[in-house]
Structure formats: C-alpha cells, structure tokens
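Chain and residue survey
Residue strings, one per chain:
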Amino acid sequence: MTSGPAIADHGLIGDLRTCALVGTDGTIDWFCAPRFDSPSVFGAILDPDNAGSWRISTVCDSSHTHQFYFPESATLITRFLTNDGVVEMHDFMPITGSADAGHRQRLVRRLIAVRGQVTVGMRLDARPDYGRARFETTQRGRTVDFRADILAMRLTSSADLSVDNGVVSSELTLKTGQTAEFVLEVLDPAHPEPETCDVDELFESTAGFWRNWLAQSRYRGRWREMVERSAITLKLLTHEPSGAVVAAATTSLPEHIGGERNWDYRYVWMRDAGFSLYALLRLGFNAEANAFIEWLSKRLGRGEREHDGLGPLRVLYNIDGDEPVQEYELDHLRGHLDSKPVRVGNAAVQQLQLDIYGDLIDSVYLFDKYGAGISHDAWSDVVYVIDWLVDNWDRDDAGMWEVRGESRPCTTSRLMCWVAIERAIRIARRRGLPADLVTWTGARDDIYHRIMSKSWNTDLQAFTQVEGGDQLDAGVLLMPMVKFISPADPRFLSTLDAIERELVTDSLVFRYEPATDGLDGDEGTFSLCTFWYVEALTRTGRLRDAQLALEKMFTYANHVGLYAEQVSATGDQVGNFPQAFTHLSLISAAINLDRALG
C-alpha cells in the first residue's frame, strides 16, 4: 500500500470558498468542492489508494523538488530539479476580486520549463464523496467532463489526454521556455459551461488580488514574513460569501500517528471568534473582521435559544451557521498513515462548553471598541446571553479542550465566563447601554473568588485544570491575556513556573497531561499553547526568553511557514492542517512581543 507524504509536506492554495493541499511531490492530496465542508474529491492524504489524487511529476530516474510561495500571494510553486533540466509548476485557485458574484471555482496547474528538457507525467484520479463514488467521464479531445450526482467538473488541457476507467493521464516533454496548462473547473449549476480562460491573465489577476489584500496589513515588525504568511493562511480559511472562518482545512489528520485522536475541523468554532477578531483588527483587515462579526451576530440572534440544556449557543457551526452533520466514520478509508477512524462531522457540537461565551462576548467587545459599534438588536442578544450565563456559569462542562468524558468544573471555563460578563459590563458602562449591572457585577465577582479559592492549589502553588484538582492546564496562561490577573501577580508567576516544569519541553508546550483525557495514545505539544506561552513570557517581562521561544517555534513551521495543530515528539506536524487557531496565536504573540521589545 502507498504511504503518501507527511502532513507537513504540503502547501495550501484556495479561493476563499474551499482550498487544496499540494504535496512537495506535486500531488494534490486534499480538495473538497465546492466548499471546505463538502465531501472530498481528492483525499489521498487520508488514503492514497482509494480516495483520489491529482499528481504531476517528472518522468525520470532522479528528481527532487523545492516548494515555495510566489511572493505576497497564495500561489504555490513546486520546482522539479532533474539531471536533464528544471521545470516549475504553479498551483493556484483564481481570485479576480473581492466578493465576486461571478466567481468560478478552478484549480489551475501551469508548467514552465526553466531550462533543459524535462518529461512530465500527469495523472488525475478524481473520487467524489470521500472516495465512495466515481465520476462518469466524457472526453472531447483535450477536454474531459466529470459527472456525478453530487458534483460536475471539467478538465481542460493544453496537452493531449487519455482516459482509462475514469483516470485521466498525460505525458509531455517541455523544453526551455515551453509551457503546459491544466485547468479543473467545478461547474456551478448557474454556470454550467466553463468560460474560456487565459491562464497567464488568471495568474496575474490572482497575484494582484493577494498583493492588494496584503498591503492593508499594518504589521511592520521583526517577523513580518511569518506574520504575513499566517495572515494569508487565515484568509485562505475564510469562506468569503458568509464571512465564516473554519478551524482547519482538513478532517481526521491524526494528533498521534496510528491513534484515534482524529477529528473533523472544517467548521467554525466559537472559541476562535475572539482571537480571529483580535488578529484581523490588529493587522488592519477590517472588512474581514466586519464580515466575521456579522456571521457571529447571526448566531447570537434572538432566534437561537437554549435547548437540550446546552445554552443559547453551540460550540461549533457549519459555514451556514447550522449544526454540522452528526459525526460518523468513513470505514472504507484507512486514515493518514493508518490512523483510524476517519471522521466526518464533530460530536463536540453536543457538548456544553461554557468558555465559548467568553470568546464570543470578547469578540463583540473588540468590535464595539475598534469597529463600527454594536447595534441595539445585537446588544439585546448579548443581554440575553449574559443573563443566561449568570445563572449557569458554575455548571460542570467539557472544557475548552472538548474532553470526551465526564463533565468537570474546568478552570478555563470559569475564566472565560468571567471574561464574558466583565466585557459585557465594560460595553454597557462605556456606551451607557441598559443592563442589570448589579447582578452582573455580583456574578463576575463570584467567579473571580471561586477561581481564586477553588482552582488554586496551595501545594502546587498553581492554578489547576479543574476545581480542587492537582493537574496543570496550559489554558490558564490566558489569565493575564484576558486581564483576569496581573502578569506580575505572585500566583500567576508561580503558576507559570509550574507549567514550565511540567508542560514545557524546549519551549514547546503540552496543553495538559494527555493521560487525563480518556483517549488512547499520546498527543504532541499544542502549538497554540506554545504561542500563549510566548505571550505569557512577554507579559511577565521575560522578553529575551519570549523571543527565544518564538524563534524556536518558527523553526517548527513547515517549509512554507504553515502549522498543523500540534508538534510531535519527533518535531513533526500532527493534527489537522493548517490550523487557523495556531496562526491566529502566532500573529498575536508576534505583535505583542514586538511592541514590548520596542
């Protein structure tokens, strides 16, 4: 059986509706159409033999590749170097402008012979519905139509094509200066016929779009390349028509190779909201911030009310703002490097996670402070949520790490409930908005005292994962970031010392002790927590330690600056890829450390 490339051996391209992963070997291993959460068409990263792929590679005995991004863009270049010559492949999904009502979804692969003479082979094996279906194919010269019940596509080529049992292939030889083009278009019922396109024009217009977009960034600090790549990655994970930001591009990439920690992250987590708004606003991307807050406001709307005891909000939503499909397993797929099960949907939607209210209300606070300001209807919705939270903050829940087991009194959940109520109080006082401030202030203070008394372990001299517990949790690194406690407070400083002893290894941070979550197998260090650690060091004045930790963390990015969810014990990227939360926390850590260093 084919093993396939590692998670980190990929670059990301996209069109703000969906995206694709392109391996360093020239293979598109992951592509869902027409949206991020649609079934995959190419899913080789989960099963190289049965889930489909689109490979372009050199036909020779000796070849190696080098992959990088076209400057200030999301166009990926894979350079094939052989003894006979060099050929470049430009992979991109065209974007001609913002909010393009006539947008056509296309995967473009352009080959250019740089020097010498190189023979290239192309093999396109499309497997819709996660490999559970096959396309009917119709060839007309250098065009092939793909038809299935759920999707229709058309491949056009500048080279001759052959079709065998639904698999399209081609072989061509390019000499210096010669080019070849392959364009795969996802057919929209509103645009059933592809339009004739000039690939060179698409390349230039797409490059121009990304340059113009990135020019809005206000960041001019020390780590501009990493911050801008993270910003582009965040933009690529944005569904422009709705404003939603998905957590990651993939499903079921394992947190532990061969293990069961495999989840579907192609949805919108409320937990990402505050960090998304903070990063977008700080960088100057106000249009994206406005679009995301509009999406969030609809979830906050008065039409959504408590049901099943889970409160007025769900933990996660699909792009449309509905609950995702019920979680199920794709038994026919072997999983990445035999890591099963492969899951679609996410059962965490049925969990009670109280921390999400802090993330949401903090995002509303940021928008009200730095954006256009909150409306009357939105404030009414905030009041409803806060009134509910005042009565429910002390419930046990699954916590921010979505532990699938018994609910517990999680410290970070209490912390973020405090954030929700405290931020709502700030908005009301600053704007003079109507609110039961006496009740809200009492609840806020009760939570503060509860954390200080119940979540503080005198023996450990640290805040613990749960009330009365003896396990640490990197989530408490958020305490000074959310203004709950002074970074100079002795309790936080000793907590930071304890986390450094127990959860930090060479600047990388575990989120907690994995044995406490009830799942088999180990997990890697959590990249998000590593960037939180950098921020904690920054806020406590340990600036050189923070800078060293940040620089070390940069070395764990892949070859094009992307991060998965975690870093394994061997330094490999594991978990879904790339992960928005990791790149959001990178942006925040870099901005705040830059400011502190002066």
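Residues numbered from 1 in each chain as written. Predicted model: local features only at pLDDT ≥ 70, side-chain atom pairs only at ≥ 80, totals over all residues. Heavy atoms only, no water.

An unreviewed UniProt entry annotates the chain as Glycoside hydrolase family 15 protein of Mycolicibacterium iranicum.

1. A few points about the packing of helix α11 (residues 527–539) against helix α13 (residues 580–597)
Axis separation between α11 and α13 bottoms out at 8 Å; the angle between their running directions is 15°. Judged by the inter-axis angle, α11 sits roughly parallel to α13. Classified by chirality, the crossing of α13 by α11 is left-handed. Of the residues in α13, those touching α11 at Ser 527, Leu 528, Phe 531, Trp 532, Val 534, Glu 535, Thr 538 and Arg 539 are Phe 581, Thr 582, Ser 585, Leu 586, Ser 588, Ala 589, Asn 592, Leu 593 and Ala 596. Among the residues making up the contact of α11 with α13, the classes are represented as nine nonpolar, six polar and two charged. (Axes fitted to C-alpha atoms, helices over the stretch in contact; angles between N-to-C directions. Helix = DSSP H or I, 4+ residues; strand = E, 2+ residues; numbered from the N terminus. Parallel < 35°, antiparallel > 145°, perpendicular 65-115°, else oblique. Left-handed = near helix turned anticlockwise from the far one by under 90°. Contact = heavy atoms within 4.5 Å. Nonpolar A, V, L, I, M, F, W, Y, C, P; charged D, E, K, R; others polar.)

2. Quick word on the pattern of salt bridges
This model, assessed by the stated rule, comprises 40 salt bridges. Here the salt bridges share partners, and the residues they tie into one network are Arg 123, Asp 125, Arg 127 and Arg 134. (Salt bridge = Lys/Arg side-chain N within 4 Å of Asp/Glu carboxyl O.)

3. So, the packing of α11 against helix α12 (residues 543–554)
Two elements in contact, α11 and α12, have axes whose closest approach is 7 Å; the angle formed by their N-to-C orientations is 160°. With respect to each other, α11 and α12 are oriented roughly antiparallel. By crossing handedness, the relation of α11 to α12 is classed as left-handed. Side by side, α11 and α12 meet where Ser 527, Thr 530, Phe 531, Tyr 533, Val 534, Leu 537 and Thr 538 of the first sit next to Leu 543, Asp 545, Ala 546, Ala 549, Leu 550, Met 553 and Phe 554 of the second. In terms of residue class, the contact of α11 with α12 is made up of ten nonpolar, three polar and one charged.

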